[in-house]
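Structural description and commentary
Read off the chains here:
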Amino acid sequence: MEHVPPSRGPLVVTALPEQQIAEAMDVPDNGVDQARQLHRRAVATSAKGRPAEAMKLLNRALRALPADSADLEAITVRTKVLNSLAYAEAETGSVADGLAHLDTATELLGGLPQGPRRSALAGLVGQQHALILHRAGRTAEALDLYDRAVPLLERAAAGGDGDPIVLTRTVMNRGLTYIAVGRPGPAERDMLRCVALAEEHDLPLLKAKATHNLGDIAQLTGDIPSALRHYTETELAFSRLAPDLVPRLRIDQARAMLAAGLAEEAARQLDDALPALRRHRISQDLAEAELARAAAALLQEDFALARQLAGAAQRRFLRRGSTSWAEVAALTRMRADAVAALRTTPLGSTGPAAAAPAGPTAAGPTAHTASPGRAARLADRLAAIGLTDEAAVARMLAVRLALRRGATDTARALVEQVPKPGHTTPVDHRMLLRLCRAELSVTSGDRRHALAEARAGLVELGQVRDRMGGLDLLCGTAVHGRELGELAVRLVLDSTHTEADARRLFGWLERTRAQVYRYEPLPAIDDPMLAERVAEIRSLSRALQQAKLAGRAVDELAARHEQLRHEVRRLDWYNSPWGRPRPVCGLPEVIERLGERALVTFTGYADSLAAVVVAGGRTRLVRLGTAVGTVEAVRQLHADLDALAPDHLPERLVTAIAASAELRAKVLDEALIRPLADALGDRELVLVPTGSLYAVPWGVLPSLRGRPVVVVPSATAWLAAEEASAASRRAEGHDGTPSPAHAAHANGGRDTTRAGAAAAARGTAGASAADSAAGASAAGGGTRGGGGVRGVVDSARLRLSVPHARAVSDPTGAAEDRASVAFADDATATDNDGNDETGGDGGRVVLIGGPELAEAVGEVRRLRSVYPGARVLDGDRAVASRVLAAVDGARLAHLAAHGVHEPDNALFSRLELADGPLFAYETARLPHPPEQVVLAACELALSHIRPGDEALGFAGALLASGSRSVVAAVSNVGDRAAAKTMDEFHRLLAVGVDTAAALAEACAADPLRRPFVCFGSGH
């Protein structure tokens, strides 16, 4: 992401009491009075973010005034009109034209006698001059003018001729300039004084703007959750008082999101704001928005778009005379070119390719722009205008480009010119400096120092992550350390030859992946606004479904639904810090916990795959070959399993599809497991996938059929789940044997409405036997659902989420089907009639039956016969609030309901209940999440994977929030196959077999139709 000088907030322009601004007045006959009233109306218009309209009113005011009048009132009004016109002209035209009006106003002041009135007007003109210079990036001059204007306004106020709104605004705008020069202390003091003045004089809009600016200060100091909280408070006030200011606010909200690594969300914010900014013709804000959007594109690795937007912003800044902002835009453009070039030339390569990227993202010839010399010259220009952080970024780009050209001495000289980061230096700039130093050490042959830089950088990034609220922010920050982590892993991987090297590689893999799962969640702070918004989304979702079924227009409902989803995400970000970080696990404690089991951590760099195997107290590295064929085999196997899922396919078709699936499974087995055979023996396995390997149905692979396997995002996460499982057993008084209650999540996993024909067909892209099955699947019974309106439960395809790969996500964008979900838990229970009971298994069991499911009643009743003390919520009783209350603190709960996976916004994956959807956001905020989770339905293991193997979705959110195990299918499953699997699984759990072992035995009888995986703890 590209940092730009924080701006700013919507800046106020005039000096009249806010109650007068709001008045709609008729224009009187007297010229001076006419001008005065037109000026007031112009101020009201400009303050709400419409300077072009304000200019028209101000020009009318000038024409209304008598020419060359020596009347004091006429001079006073003309000075004020010119003062306001200067700002409007500078915003919509050029800075030079705006300053010309101030020169005229200054000349008029000479015709006024000394006294409070002249002090007030001199302060007014001085602060407006400062404001225009600040907006143009001339911050040092602006601060000097503000420091002269504030005492003048204070003297005027003491003399009875001052205006509180002018003083309040001036203090605020000086604070904004302090923000721009990186001085948060004095900036915060000015903003707090502004808030106090606004409250004293009943100026709610100015208070809202000061709150906006407090958000900028929090962002400057790296407190992103606080920044987002201030911005949300401001948005509520602006929406009520001045809606046209909301697009300006969106720019700063987007910058905070970029600092947290949320490029997609930032891009959406800015795409919403840009049309309004173009309508209002506020050239500075429009250019800043384009520049921020370019930064989002850069983080998304869309280099062509980043270059295009940065170029447009640069031209716009130049037209209005904002030369310093134009240089910042030039930096963003340079960064797009440089990063595109760096991707084509690995470290250690030399030559001009470092400056000439190829491919569609290069946005044309860039050899002349992405060169070390041009980057260094840009750094000098940025430093000359006082943009220290930006100059450092340009110089660091020059360092990286020079290293690719083999100019090590040049790179070393450049990196020595980069100043030490300050307390307001953005985290991405800090990580870039660490990366430069590490790469310089690599080219100098100092591998040890390179790894020390990487280690220190990841520690710094962890400290930033520790402050984040919500899983979104926690996951997003990983993007800033991606290249640093990849460099460290590659260095260690390339030099791994001995067991000691393999142990070192294991440690680096743990430092660089799935960090969200190493936090011990803190209790969420109750947020009535968040709860209200979620409830509204729930209600709106039902209304949308009904409107679609009735064939009514849904545009307005859909727009409000999307708006609410964005609000919920933002509220969750700053609600509270997510959790307390656990230390990254050490290999000795992993070896001790494994016992006779083996752990395999998969990793890769470029197109290579490798595995670190920990077994029998030894650690070794096994190189596995290329990744492309493996990823394609995973996709094709999924297509085959989806097509094979229906229960009543013709036998010949079953044979053909099964043969294709067996072939794909053998390919994956040969690529991933057989090379490890000597190290693994017949041990039970703990697998840590990477990228698309999260999607592998491991029990389908020939070498793993019948073998207990658990999948985890990291060894650290696995240890936490194992320790939680052991603590639970100790609390129950068991010596390690699971109680019968653990069985409920398995039997409760039966899905009686698996993926339908159309759903199976949608998943069969690719060259496999599944292609020939699409038509027959439509007639094959045993699955329910099918095509129809997206989002309508009865015609839907079901998915929920556990860590999973993007490569197999639903191409339609949202997949639905019937889910049978079991959460695990313990306490008292209430039967369907509302009577309290205590389960004979020593733990509370909760059984939930969602709406519109013909088989749900029978399914819940069968489970009730196993757990007579279970609490049952079905039909109209299965509403979100009661379900959340029931499963909170549970050891076992079973939910039979429709479900939806949202691939673009995984935490809005949901289960459909009687009153609407239950979202992953809500389950992740449970004070005591269910201990065990079984998602026994089609493809409930889907999730979105972010940089750093941060995999997150419905089930992933449960794991991250404290659930210790999740069982889910990674492809479609037929009703009969699922029922048989879960019956056997439950029977085995009931007699004390561990979860992973029970699942392995249950799936082994028909592995191609029982693609279930155990995530987390295997106990």
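Residues numbered from 1 in each chain as written. Predicted model: local features only at pLDDT ≥ 70, side-chain atom pairs only at ≥ 80, totals over all residues. Heavy atoms only, no water.

The protein carries the name CHAT domain-containing protein in an unreviewed UniProt entry, which gives Solihabitans fulvus as its organism.

1. Here we look at the packing of aromatic side chains
Here a ring pair, both rings aromatic, is described through the centre-centre distance and the interplanar angle of the planes. Condition: Each pair of aromatic rings taken from Phe, Tyr and Trp, with Trp reduced to its six-membered ring, is defined by centres within 6.5 Å and is described as stacked if the planes are under 30 degrees apart, edge-to-face if over 60, and tilted in the remaining cases. Only DSSP runs of H or I with at least four residues qualify as helices, and only runs of E with at least two residues qualify as strands; both kinds are numbered from the N terminus onward. When accessible area is computed with a 1.4 Å probe and restricted to protein chains, residues below 20% of their type maximum are described as buried, those above 50% as exposed, and intermediate ones as partly exposed.
Here the structure, examined in full by the defined rule, presents two aromatic pairs. An angle of 20° between the planes, with centres 5.8 Å apart, marks the rings of Phe602 and Trp698 as stacked. One end of the pair, Phe602, is in strand E3 (residues 598-605); the other, Trp698, is in the loop between strand E6 (685-688) and strand E7 (709-711), with 96 residues separating them in the sequence. Each member of the pair, Phe602 as well as Trp698, carries the same accessibility label: buried.

2. Notes on the pattern of salt bridges
Basically, it comes down to this: The term salt bridge refers to a side-chain nitrogen of Lys or Arg lying within 4 Å of a carboxyl oxygen of Asp or Glu.
Counted according to the given criterion, the structure contains 48 salt bridges. For Arg50, the salt bridge goes to Asp244, with nearest N and O atoms at 2.4 Å. On the criterion of sequence distance, the pair formed by Arg50 in the loop between helix H2 (31-47) and helix H3 (51-64) and Asp244 in the loop between helix H11 (224-241) and helix H12 (246-259) is long-range, its members being 194 residues apart. Take Asp244: its relative accessible area is 23%, and that puts it in the partly exposed class. The closest approach of N and O atoms between Glu91 and Arg135, which form a salt bridge, is 2.7 Å. Of the two residues, Glu91 is situated in helix H4 (residues 72-92) and Arg135 in helix H6 (residues 116-135); the sequence distance between them amounts to 44 residues.

3. Thoughts on unusual backbone geometry
Excluding glycine, a negative phi dihedral is what most residues carry, and trans is how most peptide bonds are arranged. The backbone of Asp202 sits at a positive phi, close to 55°, despite the residue not being glycine. By the secondary structure assignment, Asp202 is in the loop between helix H9 (184-200) and helix H10 (204-220). At Arg281, a position not held by glycine, the phi torsion is positive, near 60°. Relative to the assigned elements, Arg281 resides in the loop between helix H13 (263-280) and helix H14 (283-299). Accessibility expressed as a relative area gives 52% for Arg281, which makes it exposed.

4. Overview of the packing of helix H8 (residues 164-180) against H9
To characterise two packed helices, one gives the angle between the axes of the helices and the distance between these axes. Put simply, the rule is: Helix axes use the C-alpha atoms of the stretch in contact, all axes being lines fitted to C-alpha atoms, and the angles between their N-to-C directions lie in the range 0 to 180 degrees. Put simply, angles under 35 degrees are roughly parallel, angles over 145 are roughly antiparallel, angles from 65 to 115 are roughly perpendicular, and the rest are oblique. We call a crossing left-handed when the near helix sits turned anticlockwise from the far one by less than a right angle, and right-handed when that turn is clockwise. A contact between two residues is defined here by any heavy atoms of the two lying within 4.5 Å. Each residue is assigned to one class: nonpolar for Ala, Val, Leu, Ile, Met, Phe, Trp, Tyr, Cys and Pro, charged for Asp, Glu, Lys and Arg, and polar for all the others, Gly among them.
It is the contact of H8 with H9, at a shortest axis distance of 8 Å, that shows an interaxial angle of 160°. On the basis of the axis angle, H8 is roughly antiparallel to H9. Helix-helix and strand crossings are classified by hand; for H8 and H9 the assignment is left-handed. Side by side, H8 and H9 meet where Leu167, Thr168, Val171, Met172, Arg174, Gly175, Leu176, Tyr178 and Ile179 of the first sit next to Pro186, Ala187, Asp190, Met191, Arg193, Cys194, Leu197 and Ala198 of the second. A per-class count over the contact of H8 with H9 returns twelve nonpolar, two polar and three charged.

5. Re H14
Applied cut-off: Here the expected length of a helix is defined as 1.5 Å per residue gap, with one fewer gap than residues.
With 17 residues, H14 should reach 24 Å at 1.5 Å per residue; the first-to-last C-alpha distance of 24 Å fits that figure. For H14, the buried fraction is high: 17 of the 17 residues fall into the buried class. Count one or two residues on from H14 and you reach Glu301, which has phi positive near 65°.

6. Re the pairing of E6
Here is the rule we go by: Pairs of strands are assigned from DSSP output, requiring at least two bridges between the strands.
Along E6, one buried face is formed by Leu685 and Leu687 and the opposite face, lined by Val686 and Val688, is buried too. Both E6 and E7 contribute to a ladder of three bridges, which runs parallel. Residue pairing for E7: Leu685 is matched across the bridge by Val709.

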